[in-house]
Amino acid sequence: MGRYDTHQHDVLIVGAGGAGLRAAIAAAAAGVRVGLVCKSLLGKAHTVMAEGGVAAALANVDDRDNWRVHFADTMRGGQYLNNWRMAELHAKEAPARVNELEAWGAVFDRTTDGRILQRNFGGHKYPRLAHVGDRTGLEMIRTLQDHAVHLGIDVHMECTVISLLKDGDRIAGALAYDRDRGRFRVFHAPAVVLATGGIGRAFHITSNSWEYTGDGQSLAFQAGAALQDMEFVQFHPTGMVWPPSVRGILVTEGVRGEGGILVNKDGRRFMFDDIPENYRSQTADSEEEGWRYVQGDKNARRPPELLTRDHVARCIVREVREGRGSPHGGVFLDISWIKSKITDAPAHIRKKLPSMYHQFKQLADIDITSEPMEVGPTTHYVMGGIRVDGDTQMSTVPGLFAAGESAAGLHGANRLGGNSLSDLIVFGKRAGEYAARYASDNVAGNIDAASVEDTVQQALEPFGRTGNGAASEGPYQVQQELQEMMQEHVGIVRTESEMNSALESITRLAERAARVQVNGNRDYNPGWHTALDLSNLLAVSEAVTLSALERKESRGGHFRNDYPEKDPAFAGFNILVHRNNDGSMRISREPIPEMRDDLKQIIEENK
Amino acid sequence: MTAPTSVSRDIVESGQRAARRSDSSAGSQTRQARFRVWRGDSSGGRFEDYETQISEGMVVLDAIHQIQAESANDLAVRWNCKAGKCGSCSAEVNGMPRLMCMTRLNDLDLEQPVTVEPMRAFPPLRDLVTDVSWNFEVKKRIAKFKPRPPDAADGTWRMAQADVDRVQEFRKCIECFLCQDVCHVLRDHSKHDSFIGPRFLTYVAALEMHPLDTVVRTAELKEAHGIGYCNITKCCTKVCPENIAITDNAIIPLKERVVDDHYDPLSALVRLFRRKLARDD
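Quick notes on the rules
- Residues numbered from 1 in each chain as written.
- Chains lettered and ligands numbered in written order.
- Predicted model: local features only at pLDDT ≥ 70, side-chain atom pairs only at ≥ 80, totals over all residues.
- Heavy atoms only, no water.
- Helix = DSSP H or I, 4+ residues; strand = E, 2+ residues; numbered from the N terminus.
- Expected span 1.5 Å × (residues − 1).
- Buried < 20%, exposed > 50% of the residue type's maximum accessible area, 1.4 Å probe, protein only.
- Contact = heavy atoms within 4.5 Å.
- Core = buried A, V, L, I, M, F, W, Y, C linked by side-chain atoms within 4.5 Å.
- Axes fitted to C-alpha atoms, helices over the stretch in contact; angles between N-to-C directions.
- Parallel < 35°, antiparallel > 145°, perpendicular 65-115°, else oblique.
- Nonpolar A, V, L, I, M, F, W, Y, C, P; charged D, E, K, R; others polar.
- Pairing = 2+ DSSP bridges.
- Left-handed = near helix turned anticlockwise from the far one by under 90°.
- Polar contact = N/O pair within 3.5 Å; in protein donor to acceptor, adjacent residues only side chain to side chain.
- Right-handed = clockwise from strand over helix to strand, strands pointing away.
- Salt bridge = Lys/Arg side-chain N within 4 Å of Asp/Glu carboxyl O.

**Examining helix α1 (residues 18–29) of chain A**
Structural remark: α-helix, 3.6 residues per turn; residues separated by three or four positions point the same way. All names here are of chain A. With twelve residues, α1 ought to run about 16 Å at 1.5 Å a step, and its terminal C-alpha atoms sit 16 Å apart, in line with that. The element α1 is largely enclosed, with a buried count of eleven among its twelve residues. Buried within α1 we find G18, A19, G20, L21, R22, A23, A24, I25, A26, A27 and A28. Residues of α1 that are buried in the fold lie against β2 (11–14), β3 (34–37), α3 (84–103), α4 (136–148), β11 (191–194) and α11 (419–441). Immediately beyond the C-terminal end of α1, within one or two residues, lies G31, with a positive phi of roughly 90°.

What follows is the structure in structure tokens.
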């Protein structure tokens, strides 16, 4: 490997968001040598954008809360396709992980008796989200980053993994290139943790940062790992819709948690019109009761704005499609109305939602303390991802682990708000621990120099292509067409014919991606980077589409116009995507193991 | 019914007003604008002129992305969130340190070319991207957070909101390093070896004023961190996109602590005694 800089680590972690940092801390605490590779600067990962809070049954605000209720809420939200073992571990371990953040310096908002404050969120029965105004993700990532600084972790910033390296069936390391000079680097490690986040950049309207190009899912698939539940893409109900340049930027569910209401152009609070059967007993039947709930009245039930995200997003789409939307194709989200309820509402709103106030004032010239926001669904999260073992987070490839959004299982068909940040710290820790254990029990595999050389040559191809005819296309055009096509054909409402045409488009776009040309040299070249991203975006787009075609029903984040109902025949399995020998994708149905009786009972008790 | 019809009507009417206001100039109307973007690397560079179509609501980062897609595929720029939350897209726009994603084009004079250049206090890497790695090294040198023993048997602490408000102000920092960029000690005098800059003075303030922290950092502030170099020009406060009162709330109180601990023997004794008591609790 003399041609390339080689780094030896026991555990290599790819991605430095919440899950990657927590995994790095856990692995370092286990005493192994840890390398952390991230595409951006440290502390800039998508986690920094998480707003609402981290879900953990601390029971600081409502003492009826406990891990059992959190478990039941998570399973109900996921329509029972969750990996129930992960849902159990998550609900049990999240409080300890949150308290640990405080011990590392995080400063959460406080209750009147000085404990960590918790707020209401969609799908959670009790106020459960520990938060810092609406910048909880920043607090979390900064705390983890600052704690990790002193642990002797080797951080390789602005470094992008382009291929995982294997020795036979097991993982042996990764090949990456550094952004500033475009040099290739070989990372040699017996265990690799993927914590690369989501796939939102496969769609046109998204809340996700540029980094969410499905790298982990695609790398794992190429390395032979199975993907799971890729059809379940979460469209967050409230993204900004105006002005066009901010379309998709998130408006936190915290706005609704603090009393924000959704209305259509006729002024109708439309969320009361359609309350799903399995949530009816937990949902307020009057506006008055809903208000009492957000004010902390324990005898009140939640307002329908706090139903699960899939449901709220579909109700918004319905209003828009039936001609009752706002002027720019969304609906109105209003928090300013609380001035009729509480004195000094503007100051209250600025205190509770400082970042939203700032965002709308600066980007849309709207003062949310006196005017409503225009909002509509935005691609936000993928519930599916790399299939992992619930306890250890190891994928189907020995030595390859995954955590956070890049892994599948915890959220089933739909994720509850706030369960993502807790997912990161609960399963980031587990992945780091078990990866360290694996690395201690196994020596690093061998790296095949020829395959490294092949991958390097492929990666450099876009520079060598000559500009004649169709071959002179740049990477941005292909990327944008893919995003628009996926938004239109595999977006919030899906049908078989549109998805079949999406598959054809993906084939054509892949041919174009193989011909794109980049200018300039290798130093910090975003065109080249985008050209390399395309294969990951195309792979996850195909996996989402194939899985969505296979699931002929509507459930959670997956809605089929041609099969608009939930079908019990699809309730008992996950859909997996495997790699055939020729690199193509194969779909299979994997039965969900029978749930333990004690867990079944918890679900019954919480119905 | 707690959201009476009149409230709903107000919501819709004000929404429509907002929409009309933006519609009057946006979406359908575009105009050409000129941008002078610094292109180059550590060996030098120059401004290049670009033209692109812009519409209302666009920010500088949108224009840069458009130029990148249309005519300069290899134009280097850092960004992540495009919502003022990650602090990646720091640059100097018309000579002012700004986040490109939070700088609306309709706030600039578009009769003139918009000048976009990298932060000048850090070595250029390529185009708008600078080498900010020094900042990450600085943090390693600051004594880490060390909490007092937990207040409750379950290992948790009790803190009043009033006591965490100030720390939370500092923790809003998104590490965009614009304050470092504008600070004359770093920008003009290159005291990177002996001065940690406003970002890290704010970071130390967050630790020092944290209700749970037990470490005393005044000696390192005075010596290794060079707090004495700051002469309170408040430039850092002016450019902070998070509106943190860096000078008034972080740096000045820290300077006072340094003076108390190191230049005023009486208060130093009192403080030492108090801290010892607190630790012996």
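Let's pick the thread back up.
**Thoughts on the nonpolar core**
Ranked by size, the top nonpolar core spans 269 residues in total, and within it V11(A), F71(A), L164(A), F35(B) and M100(B) carry the most contacts. At 13 residues, helix α15 (residues 526–550) of chain A tops the list of elements feeding residues into this core.

**As for the packing of helix α2 (residues 67–77) of chain A against helix α16 (residues 597–605) of chain A**
Each packed pair of helices is defined by two parameters, the angle between the axes and the distance between the axes. Residue and element names in this part refer to chain A. At a minimum axis distance of 9 Å, the contact between α2 and α16 shows a crossing angle of 85°. With respect to α16, the element α2 is oriented roughly perpendicular. Two secondary-structure elements touch here, α2 through W67, R68, F71, A72 and M75 and α16 through L599, I602 and I603. For the contact of α2 with α16, a count of residues per class yields seven nonpolar, no polar and one charged.

**Considering the pairing of strand β4 (residues 96–99) of chain B**
Residue and element names in this part refer to chain B. Burial of the side chains of β4 is restricted to one face: P97 and L99 are buried, whereas none of M96 and R98 on the reverse face is. In this structure, strand β3 (residues 90–93) lies alongside β4, joined through four bridges in antiparallel fashion. In the strand pairing of β4, A91 is matched with R98.

**Let's talk about the packing of helix α13 (residues 475–489) of chain A against α15(A)**
Residue and element names in this part refer to chain A. For the pair α13 and α15, interaxial distance at closest approach is 9 Å and the crossing angle is 25°. As the angle between them shows, α13 and α15 are arranged roughly parallel. You can see that α13 and α15 cross each other, and the crossing is left-handed. The residues of α15 that touch α13, namely those facing P475, Y476, V478, Q479, L482 and M486, are P526, G527, T530, A531, L534, L537, L538, S541, V544 and T545. Tallied by class, the residues present in the contact of α13 with α15 amount to eleven nonpolar, five polar and no charged.

**Brief notes about the side chain of S355(A)**
Relative to the assigned elements, S355(A) resides in helix α10 (residues 354–364). According to the relative accessible area criterion, S355(A) is buried, its value standing at 16%. Leave out the neighbours within four places in its chain, and S355(A) touches D134(A) and K85(B).

**So, the side chain of N82(A)**
All names here are of chain A. Turning to its location among the elements, N82 is positioned in the loop between α2 and α3. Given the relative accessible area of 1%, N82 is considered buried. Within the structure, N82 has its side chain in polar contact with the backbone oxygen of T74 (distance 3.2 Å). Residues within four places of N82 in sequence aside, it is in contact with T74, M75, G409, L410, H411, G412 and I592.

**Focus: the pairing of β2(A)**
Residue and element names in this part refer to chain A. Residues V11 and I13 line one face of β2 and the alternating positions L12 and V14 line the opposite face, and both faces are buried. Inspection of the sheet shows β2 paired to β3 by four bridges, in the parallel sense. Bridge pairing in β3 links I13 to L36. As a crossover connection, the stretch from β2 through α1 into β3 is right-handed. Pairing of β2 with β11, which is carried by four bridges, proceeds in the parallel orientation. Counted as the bridge partner of I13 is V193 from β11.

**Concerning the pattern of salt bridges**
All names here are of chain A. Enumeration over the complete set of coordinates arrives at 76 salt bridges over all chains. D73 is the salt-bridge partner of R76, the closest N and O atoms lying 3.3 Å from each other. A residue pair is termed a helical-turn pair when its members lie 3 or 4 positions apart in one helix, as R76 and D73 do in helix α2 at three residues. Of the residues examined, D73 reaches a relative accessible area of 1% and is grouped as buried. One salt bridge connects E461 with R465, and the closest N-O pair in it is separated by 3.3 Å.

This is a description of form; function is not addressed.
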